Amino acid sequence: MLYEIRFKCPCPNIGCRNRNKLRNWTHSGCNGELYINKYGMINCKKCGDGCHVYDSKFKCSDEENFGESRTTIIIQACANIDHWDDGDDEKTEFWQELLIQLCEERRNREKDNNNNNFRKSLYLID
Ligand SMILES: [Zn+2]
Ligand SMILES: [Zn+2]
């Protein structure tokens, strides 16, 4: 089982003009490549910074500013990757496991009333 994978998905921002384009996300602060593990944690390979994908702020090249997203849109964005990827079995397994974890985390956060005060964000650009 893969531990982590280069993080790519369509832009999950509300109202993004191009929801069907696969994007390779990098860390806005240092331009480092971002990886995601099967628990949904994003990690920057250059500076070592990290946060959960739900706490990430996205800005794709079709946008002027960092936008707003929703957990459901992020799940949808990640659900489509397998479709675009090369069909590698290990990757397929990874994305399926990640989706299960993302749904679980969404439920946990709903119970938690989406309390975001203690969470840290990473700023992602493509
Ligand atoms: Zn966008
Ligand atoms: Zn970084």
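Residues numbered from 1 in each chain as written. Chains lettered and ligands numbered in written order. Predicted model: local features only at pLDDT ≥ 70, side-chain atom pairs only at ≥ 80, totals over all residues. Heavy atoms only, no water.

> Sorry if this is basic, but what is going on with the nonpolar core here?
The nonpolar side chains of a soluble globular protein tend to be buried with one another. Ranked by size, the top nonpolar core spans 27 residues in total, and within it Phe 7, Trp 25, Leu 34, Ile 36, Val 53 and Trp 95 carry the most contacts. Broken down by secondary-structure element, the contributors of at least two residues to this core are strand S5 (34-37), strand S6 (41-44), helix H1 (71-79) and helix H3 (89-111). Setting aside chain neighbours within four positions, we find Phe 7 in contact with Arg 23, Asn 24, Trp 25, Leu 34, Tyr 35, Ile 36, Ile 42, Val 53, Phe 58, Cys 78 and Leu 124. (Core = buried A, V, L, I, M, F, W, Y, C linked by side-chain atoms within 4.5 Å. Buried < 20%, exposed > 50% of the residue type's maximum accessible area, 1.4 Å probe, protein only. Helix = DSSP H or I, 4+ residues; strand = E, 2+ residues; numbered from the N terminus. Contact = heavy atoms within 4.5 Å.)

> Would you mind showing me how to read the sheet that holds strand S9 (residues 123-125) here?
Strand-to-strand pairing in sheets goes through backbone hydrogen bonds, with the strands running parallel or antiparallel. Strand order in the open sheet made by the three strands is S4-S9-S8, with mixed pairing throughout. Among the strands making up the open sheet, the edge pair consists of strand S4 (26-27) and strand S8 (57-59). Where S8 and S9 come together, three bridges link them in parallel fashion. Residue pairing in the sheet places Lys 59 in a bridge with Ile 125 of S9. (Pairing = 2+ DSSP bridges.)

> Please clarify how the coordination of the zinc ion (ligand 1) should be interpreted in this entry.
Four donors placed tetrahedrally about a metal ideally form angles of 109.5 degrees, and six donors placed octahedrally ideally form angles of 90 or 180 degrees. Note on the zinc ion (ligand 1): its protein donors are Cys 11 (SG), Cys 16 (SG), Cys 60 (SG) and Glu 63 (OE). The metal-donor distances range over 2.2 to 2.6 Å. Around the zinc ion (ligand 1), the four donor atoms sit at angles spanning 87 to 139°, and that spread fits a shape best called irregular. Within one chain, the residues serving as donors to the zinc ion (ligand 1) are arranged as C-x4-C-x43-C-x2-E. Looking at Cys 11, the relative accessible area reads 0%, which means it is buried. (Donors = N, O, S within 2.8 Å, 3.2 Å for Na, K, Ca; no water. Tetrahedral: all angles 85-135°; square planar, octahedral: opposite > 155°, others 65-115°.)

> How do you make sense of the confidence of the model for the protein when you look at a structure like this?
Low pLDDT marks regions whose predicted coordinates should not be analysed in detail. Across the protein, pLDDT averages 91, with 94% of residues at or above 70. Mean pLDDT in the protein bottoms out at helix H2 (residues 81-84), which sits at 66, and peaks at S4, which reaches 98. (pLDDT = per-residue confidence, 0-100.)

> Even after reading the chapter, I still don't get the side chain of Asp 55, so can you show me in this structure?
Following the sequence through the fold, Asp 55 ends up in the loop between strand S7 (50-52) and S8. Residue Asp 55 is classed as buried on the basis of its relative accessible area, which comes to 6%. Once residues within four sequence positions are removed from consideration, Asp 55 is found in contact with Arg 109, Asn 116, Arg 119, Lys 120, Ser 121 and Leu 122.

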